[in-house]
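# Summary of structural features
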Amino acid sequence: MNKNEKIALLTKKHVAQTYGRYPIALVRGKGTKVWDKAGKQYLDFVSGLAVDNLGHCHPAVVSAIQNQAENLLHVSNLYHIEPQSQLAERLTSLCFADKIFFCNSGTEAIESAIKLARKFSFDQGHPERNEIITMHNSFHGRTLGALSATAQKKFHHGFQPLLPGFKYVPFNNIQAVKKAINKKTCAVLVEPIQGEGGVNVPDPSYFKNLKSLCKKNDLLLIFDEVQTGFGRTGKLFAHEIFKTKPDIMTLAKALGGGVAIGALAATNRVMKSFVPGTHAATFGGNPLACAAALATLKVITGKDFLKKASETGVFFQKCLQKLAKQHPIIKEVRGKGMILALELKKPGGDVVLDCMENGFLINCIQQNILRFLPPLNISKKDINSLMPVLSNSLLQLSKKKS
Ligand SMILES: *Cc1c(COP(=O)(O)O)cnc(C)c1O
């Protein structure tokens, strides 16, 4: 038994089997590289699923965590917390929002957004307006509220009854939203670019039209930027690409540079519906997570970081397009910045295994879509090194009888 298999055995015996796991245990990371228990090295194009945007163990984040850990790990939100107030100030200076509510994950940020939208309507004298429109192929999380907002049947299976108050329409279809609005609608919840649903990028005009539709009908526009936030698309937030500001935004994944943290950002007009006693999270905005997030934000918003990431993203996409010209098995190249995908005409699971064998971690979603989410500071050389491996693997896949 090798060292990875030993860990795999423990997982299999004692950890809930909610994940289909690959047969390696990652024990160390530095920059774009990770190592498994047997010492094998991999280039990481998964980044903990859009979490490690600065790569693994970025020195600025590690040092901020070390310093904070020596001073204060946790105190209650009954008191003011210095790194939390500083992080809120920083976040609001970087986007449309005036105030932040802190939690611990993406799904919790979504729960907070659902509650805030309902409470806002209630406070406006419209308790009957409690429905939220969401999009087919969306992904908003696994807790029951966020799961109910997620319009993908496969995630609902076995967990009914879901939370009432959601209406699903096709993504990137403004007429469908128009038709779905009724007297009970209070908000529209949407990812600027759908991540888990297939790296789907909407038409350039979609969000401008959606915003005017929301304004006309007095609806809140909620952007789920849990996956697209913090430079993933080449902009700090993906909605900057579409030049459309929401009323509410959910954040998590990359915010803490690898430490669990979630956040809800909103305008004063909306956030004033959250008053003492309406919502809370024990760990929300704890000193450790906030210190890590402050350090992460400092690097991401540093001079030329996003400009460089955006350029690297264009380079990466060009590489994938070149590959698509050589491989008819590729149906489409999609994405923006450093959230990129290859839609294949066949299931892509074997390509992931093949790349892993060759020292590259990539991800497959919706069975036939290869998703690439490398650290934003990855080099062109690292990207180049993946291409022949991917090419060879796609060739093998196209030869395989399905
Ligand atoms: C990952 C994700 C979530 C859920 O985040 P968790 O931290 O796993 O709860 C919500 N929305 C989007 C867009 C995501 O990609």
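Residues numbered from 1 in each chain as written. Predicted model: local features only at pLDDT ≥ 70, side-chain atom pairs only at ≥ 80, totals over all residues. Heavy atoms only, no water.

### Thoughts on the site of the ligand
Around the ligand, a shell composed of S105, G106, T107, F139, H140, G141, E191, D224, V226, Q227 and K253 is seen. At 2.8 Å from an oxygen atom of the ligand is found a main-chain nitrogen or oxygen belonging to G106. Among the residues forming the shell around the ligand, the class breakdown is two nonpolar, six polar and three charged. (Near = heavy atom within 4 Å. Polar contact = N/O pair within 3.5 Å; in protein donor to acceptor, adjacent residues only side chain to side chain. Nonpolar A, V, L, I, M, F, W, Y, C, P; charged D, E, K, R; others polar.)

### Thoughts on the packing of helix α3 (residues 59-71) against helix α11 (residues 287-300)
Any two packed helices are characterised by the angle at which their axes cross and by the distance between the axes. Look at α3 against α11: their axes get within 8 Å of each other, and the N-to-C directions meet at 150 degrees. Relative to α11, the element α3 is oriented roughly antiparallel. Between α3 and α11 lies a crossing whose hand is right-handed. Touching A60, V61, A64, I65, Q68 and A69 of α3 are P287, L288, A291, A292, A295, T296 and V299, all from α11. Grouping the constituent residues of the contact of α3 with α11 by class yields eleven nonpolar, two polar and no charged. (Axes fitted to C-alpha atoms, helices over the stretch in contact; angles between N-to-C directions. Helix = DSSP H or I, 4+ residues; strand = E, 2+ residues; numbered from the N terminus. Parallel < 35°, antiparallel > 145°, perpendicular 65-115°, else oblique. Left-handed = near helix turned anticlockwise from the far one by under 90°. Contact = heavy atoms within 4.5 Å.)

### Observations concerning the sheet that holds strand β1 (residues 26-30)
Taken in spatial order, the four strands of this open sheet run β1-β2-β3-β13, and their pairing is mixed. Every other strand in the sheet has two partners, leaving β1 and β13 (360-361) as the edge strands with one partner each. Of the pairings in the sheet, the one linking strand β3 (residues 41-44) to β13 comprises two bridges and is parallel in character. Looking at the pairing, L43 lines up with F360 of β13. (Pairing = 2+ DSSP bridges.)

### Some words on the sheet that holds strand β11 (residues 330-336)
Strand pairing within a sheet occurs via backbone hydrogen bonds; the two strands may be parallel or antiparallel. Taking strand neighbours across the sheet as the criterion, the four strands line up as β11-β12-β15-β14 in an open arrangement whose pairing is antiparallel. Only two strands of the sheet have a single neighbouring strand rather than two, namely β11 and β14 (363-365). Across the sheet, the mean angle from the axis of one strand to that of its neighbour is 25 degrees, orientation sign disregarded. The pairing of β11 with strand β12 (residues 339-344) spans six bridges and is antiparallel. Note that in β12 the partner of R334 across the bridge is A341. On top of the sheet, helix α13 (residues 349-357) reaches β12, β14 and β15 (369-372); it is set at about 170 degrees to β14, its chief contact. Against the sheet, helix α14 (residues 380-399) engages β11, β12 and β15, with an angle of about 20 degrees to β12.

### Here's the deal with the pattern of salt bridges
Inspection of the entire model under this criterion finds eight salt bridges. Across the salt bridge formed by D304 and K303, the nearest N and O atoms sit 3.4 Å from each other. In this structure K303 comes out as exposed when scored by relative accessible area, which is 79%. For E332, the salt bridge goes to R334, with nearest N and O atoms at 2.7 Å. (Salt bridge = Lys/Arg side-chain N within 4 Å of Asp/Glu carboxyl O. Buried < 20%, exposed > 50% of the residue type's maximum accessible area, 1.4 Å probe, protein only.)

Keep in mind that these numbers describe shape and distance, not what the molecule does.
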